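One-letter residues, chain by chain:
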Amino acid sequence: MNYIWEVVGRQPTGQQPSGADTVQKLCDRVASSTLLEDRRDAVRALKSLSKKYRMEVGTMAMDHLVRILQSDRTDTEILGYALDTLYNIVCSDEEEEPEESQQKQEDDLGSQFSEKFIGEPDNITLLLTLLEEFDFHVRWPGVKLLTALLKSQCAPVQSIVLVSPMGVSRLMDLLADSREVIRNDGLLLLQQLTKGNTAIQKIVAFENAFERLLEIIKEEGSSDGGIVVEDCLLLLLNLLKNNSSNQNFFKEGSYIQKMKPWFEVGDDNSGWSAQKVTNLHLMLQLVRVMVSPVNAPGATASCQKAMFQCGLLQQLCTILMATGVPADILTETINTVSEVIRGSEVNQDYFASVNAPSNPPRPAIVVLLMSMVNERQPFVLRCAVLYCFQCFLYKNHKGQGEIVATLLPSTIDASSISAGQLLCGGLFSADSLSNWCAAVALAHALQDNLTQKEQLLRVQLATSLGKPPVSLLQQCTNILSQGSRVQTKVGLLMLLCTWISNCPIAVMHFLHNQDNVPFLTAQISENLGEDERLVQGLCALLLGICIYYNDNSLENYTKEKLKQLIEKRIGKENFVEKLGFITKHELYSRAAQKPQPIFSAPEHMLFDHEFTKLIKELEGMITKAVLKSSEEEKQEEEVKKTLEQHDSIITQYNALIREQDCQINELKEQVASLSSRSETLQNTVTQQLSQIQQHKDQYNILKLKLGKDAPVNGLQTEEQSQLREQLEELQRQHQLLQTQLTERDALITGLQKAEATPSTDSSPSDVTELQRELEELKAQLKSQSAEITELQREKQELLRASHATGSEVAVCEELESRLSAQTAEALKLKEEVQALLQRKEVMEKELSSASSTAAIMQTEKSQLQHELQESKREQDDLLMLLADQDQKILSLRHRLKALGETIEDEDDLDARDQFDDDDEEECDE
């Protein structure tokens, strides 16, 4: 503090400066000092005051500190002081433990300063830029400051980082820092950054985060590692949870296989540290994230397949059957195995084959069920075992059959404990939670499996000595009528509803007992407490199922009689109200959310997830079935019959239309084939005509060539004789030259012998002369040899020419024969084309005549129509004239009557006219 007093100057004795005054003086010093050392000292002083005078420093110094970060980038020391000061402002002191009210005030203050800092987005961009500085005194406080800002204002900071160029990449570089403290704080930073932001999660994943995090986990000792492993696992959970893109990338990158070594546990499992338990718990959660039921079915199935192929499922089953494993890890492992096998046939078959290391070996399913029906086991463990059994039977008809088979009389083995025996034992035990779990487990063995529902009707139970055995169905109803606890009643009613739904045979068996329907109606009609209302609703559901799936095989309990019974004993509106109470229950909504049974207390364990689906499916149908009258049902049946008849008519018409479509398609195919055949023939004719023309051209060319050159068999006689004479002359010259060559060879041989043995009488001049003559003879010999070679070459050319002319003649003859054959074929095709053209002309004439006839008839029709219109028009005119005439006559009669004239009626006038006509006829005669 001595430096601070030097900065603010000496004060009068007895007057101490306040914190605000000191901070203000230091801020002025930061803003006005020109020397870097002075600014550095002032910022260091602000840092020392920032914890005690957090409000004052944050209010007055934040802008000055930001300017320091912008302007003094070259000095790492002052940058470090400024970053530490900002961190102290936005983050409360973690070393002290203030009271709750003070802590809330500190948090609000930090939130305000954080909001002020990120109010300028460039500040976050500046901070990201400073993180590229390798100096420890800059990078580490920068990481801490950004982490504190993310904790306080997560969403705004995420938005700024997301749009900042290379923002996420700069933060990913922190994981590669060789200094562990920066790397570890970088993990915490990335945890805050990836919370709830899918876009940032994808970018981080594609920046090779999975590879780096798995390497760190391996380096730190996997499940035996420390807090760093936990931080890595938490970051992995952030990246994968509810992010299908990252999950697919994780699977495609073969990272699931790298998770297998995490779950390798030894024989000695005693003394697990708390950190190891935490690490393994997070690792199991990671596996569950990849195979969660809320994921897309295809993605979950591919992850389940990969986990089986790499041996991860086998490793989890090993932990499941190991001894000494902590209870919470065992529970989470059971839940993890449940979701790895849920809906996967291969994984379910493997799980069915797993045996516990006991003597004798027992199936893992049996061992788990023993824990579920044991009331001394922890509640969460029993819930996990139930979930595991449900997942084992989910869409597994083979497993359902195996469970039900252990209850049938023909397969019961008294020497060993089976799953069916354990379920029956739990179903009828004194522990209500065991009753509920066993009933739900048995209901899952019947889910969507009509065969097993019918098979379970065969199960007989020996209740006591000396009494005949009763069916399992009857025993369940007997326990219901004995006044059991609510949890037991709910479990048994869920089992019965699941059992008889969509199974008319089971409905008939249930109604066959005369006591069941009176018991249900009595339960529904009574006014009971709040807890019993749920039982009433389930009884109404069970009775409604008996109506909806009733095949009217029992005369006393047909659909109509059961509805009449409800109307008399309960009332239809009251029945529907009791039925609707099920879906209004709070625990129903909670159970409908997730397949896993998660309950805060055993007494809250009332509904099963799959049963909520059944209620949703049946409630509306049962309500309609109960409220309908007999007349409405008859009308519906008539409508159904009408619809069926209508459907049969439509089916007939559809068949007729299909048949006609087939005929049309066949005709189209015939037309297409004929068209293609016609086109093929036309193309063939065109090709052959072109080939004929080519052959004609070749023939004419050869003809002209033979006419010019006159080859053998077509050559001119004079040139042939000249060629023969030339050949004979060349042969004679060749023989003469050959003779001369022989003579000179002999002379040369003699001269060579003379050179080899010279005479003593010969002089040197004679020898020289002989040598000169020898050279001349050699030169003549070479020239003559060249002439002979040339003559032989000409001879070969002449022979070749003669052979060539012979081959040309053969080619001509072959061409002429092919030409004549193709000409004949072309004539034949021309005749076919001519015939087709004639048929075409005839058809065109017929078409034109038909068209002309139609045109004439159309003309006549139009004329007749015109005449008809004219005659109608004339008739209308005549009618109008007649009407006018009658009107005039009538008016004249009225006038005559008015004038006093007597007017005869029209009938009299007609009679008189008739009489006058008769008289005229008589006179004529």
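Quantities reported herein were computed from a predicted structural model and do not represent experimental measurements.

A. Just the overall build of the protein chain, in detail. Looking only at helices and strands, one finds 39 helices and four strands in the protein chain. Once local pairs closer than 6 in sequence are excluded, the contacts in the protein chain between residues at least 24 apart make up 70%. When the accessible surface of the protein chain is summed, it comes to about 53100 Å², and 51% of that surface belongs to carbon and sulfur atoms.

B. Inspection of helix H25 (residues 432-446) at higher detail. In this model, H25 (15 residues) spans 21 Å end to end at C-alpha, consistent with the 21 Å of a helix rising 1.5 Å per residue. The buried fraction of H25 is high, at 15 of 15 residues. Just past H25, the residue Asp448 takes up positive phi, approximately 55°.

C. Region of interest: the nonpolar core. Counting residues in each nonpolar core, the largest one holds 208 residues, and the members touching the most others are Leu171, Trp262, Phe263, Phe351, Trp499, Leu541 and Phe607. Contacts of Trp262, omitting those with residues within four sequence positions, involve Leu214, Ile217, Ser222, Ser223, Leu233, Leu236, Leu280, Met283 and Leu286.

D. Fine view of a nonpolar patch on the surface. Taken together, Ile649, Tyr653, Leu656 and Ile657 make up a surface patch of nonpolar side chains, about 390 Å² in accessible area. Along the polypeptide, Ile649 turns up in helix H36 (residues 630-709).

E. Structural view of the side chain of Ser33. Along the chain, Ser33 falls in the loop between helix H2 (19-32) and helix H3 (36-49). By relative accessible area, which is 12% here, Ser33 ends up buried. Here Arg29 takes part through its backbone oxygen, which lies 2.6 Å from a polar atom of the side chain of Ser33.

F. Structural view of the pattern of salt bridges. One pass over the structure, following the stated rule, counts 22 salt bridges. With a closest N to O distance of 3.0 Å, Glu220 and Arg183 form a salt bridge. One end of the pair, Glu220, is in the loop between helix H13 (209-219) and helix H14 (227-240); the other, Arg183, is in helix H11 (residues 180-193), and 37 residues separate them in sequence. The partner of Glu870 in a salt bridge is Arg873, and the shortest N-O contact between them spans 2.8 Å. Within this pair, Glu870 and its partner Arg873 are both found in helix H38 (residues 764-898), separated by three residues, close to a single helical turn. For Glu870, a relative accessible area of 30% puts it in the partly exposed group. Overlapping salt bridges bring together Arg40, Asp75 and Glu77 as one network.

G. Layout of unusual backbone geometry. Of note in this structure, Asn242 is not a glycine but carries a positive phi near 55°. Tracing the backbone shows Asn242 in the loop between H14 and helix H15 (244-252). In this model, Asn552 sits at a positive phi of 60°, which is unusual for a non-glycine residue.

H. Main features of the environment of Leu541. With respect to the secondary-structure elements, Leu541 resides in helix H31 (residues 530-548). Given the relative accessible area of 1%, Leu541 is considered buried. In this structure, the C-alpha to C-alpha distance between Leu541 and Ile615, residues 74 residues apart in sequence, is 8.1 Å. With sequence-adjacent residues up to four places away left out, Leu541 is seen in contact with Cys497, Leu579, Ile582, Phe611, Ile615, Leu618 and Ile622.

I. Main features of the packing of helix H33 (residues 572-584) against helix H35 (residues 609-627). Relative to each other, H33 and H35 sit at 175°, their axes nearing to 11 Å. Our classification of the angle between H33 and H35 gives roughly antiparallel. On the side of H33, the interface is formed by Lys572, Phe575, Val576, Leu579, Gly580, Ile582 and Thr583, while H35 contributes Ile615, Glu619, Ile622, Thr623, Val626 and Leu627.

J. The arrangement of the packing of aromatic side chains in detail. Counting across every chain of the model gives twelve aromatic pairs. Centroid distance Phe250 to Tyr255: 5.4 Å. Interplanar angle 40°. Geometry classified as tilted. Like Phe250, the residue Tyr255 is buried in the burial classification. The rings of Phe206, Phe210, Phe249, Phe250 and Tyr255 are connected pair by pair, giving a single aromatic cluster. The ring of Trp272 carries the charged tip of Lys276 above its face, separated from the ring centre by 4.6 Å.

K. Quick look at the confidence of the model for the protein chain. Residues of the protein chain with pLDDT of at least 70 account for 76%, and the chain-wide mean is 80. For the protein chain, per-element mean pLDDT is lowest for helix H1 (residues 2-8), which scores 44, and highest for helix H22 (residues 379-393), which scores 95. Scored below 50 in pLDDT, residues 1-14 shows 17 contacts in the model against residues more than four places distant or in partner chains. Long-range and interchain partners of residues 709-716, a stretch whose pLDDT sits below 50, account for eleven contacts in this model, where long-range means more than four residues apart.

L. Summary view of the packing of helix H18 (residues 312-321) against helix H19 (residues 327-341). At a minimum axis separation of 9 Å, H18 and H19 run at an interaxial angle of 145°. The crossing of H18 and H19 is left-handed. Across from Leu313, Leu316, Ile319 and Leu320 in H18, the residues of H19 making contact are Leu330, Thr333, Ile334, Thr336, Val337, Val340 and Ile341. A breakdown of the residues in the contact of H18 with H19 according to their chemical character gives nine nonpolar, two polar and no charged.

M. Spotlight on the side chain of Asn197. With respect to the helices, strands and loops of the structure, Asn197 is situated in the loop between H11 and helix H12 (198-206). Looking at Asn197, its side chain comes within polar contact range of the main-chain nitrogen of Ala199, at 3.3 Å.

N. Quick look at H22. The terminal C-alpha atoms of H22 lie 22 Å apart, and with 15 residues this matches the ideal 21 Å at 1.5 Å per residue to within 8%. Along H22, 14 of the 15 residues are buried, which leaves the element largely enclosed by surrounding structure. Lys395 sits one or two positions beyond H22 and adopts a positive phi of about 55°.

O. Here's a closer look at the environment of Ser358. In this fold, Ser358 is placed in the loop between strand E1 (355-356) and strand E2 (362-363). Residues Ser358 and Met321 lie 37 residues apart in sequence; the distance between their C-alpha atoms is 9.7 Å.

Cut-offs used in this document
- Residues numbered from 1 in each chain as written.
- Predicted model: local features only at pLDDT ≥ 70, side-chain atom pairs only at ≥ 80, totals over all residues.
- Heavy atoms only, no water.
- Helix = DSSP H or I, 4+ residues; strand = E, 2+ residues; numbered from the N terminus.
- Contact = heavy atoms within 4.5 Å.
- Areas by Shrake-Rupley, 256 points an atom, 1.4 Å probe, with all protein chains shown as cover.
- Expected span 1.5 Å × (residues − 1).
- Buried < 20%, exposed > 50% of the residue type's maximum accessible area, 1.4 Å probe, protein only.
- Core = buried A, V, L, I, M, F, W, Y, C linked by side-chain atoms within 4.5 Å.
- Patch = residues over 30% accessible without salt bridge, like charges linked within 9 Å, V, L, I, M, F, W, Y side chains within 5 Å.
- Salt bridge = Lys/Arg side-chain N within 4 Å of Asp/Glu carboxyl O.
- Polar contact = N/O pair within 3.5 Å; in protein donor to acceptor, adjacent residues only side chain to side chain.
- Axes fitted to C-alpha atoms, helices over the stretch in contact; angles between N-to-C directions.
- Parallel < 35°, antiparallel > 145°, perpendicular 65-115°, else oblique.
- Phe/Tyr/Trp six-rings, centres within 6.5 Å; stacked < 30°, edge-to-face > 60°.
- Lys NZ or Arg CZ within 6 Å of the ring centre and 35° of its normal.
- pLDDT = per-residue confidence, 0-100.
- Left-handed = near helix turned anticlockwise from the far one by under 90°.
- Nonpolar A, V, L, I, M, F, W, Y, C, P; charged D, E, K, R; others polar.

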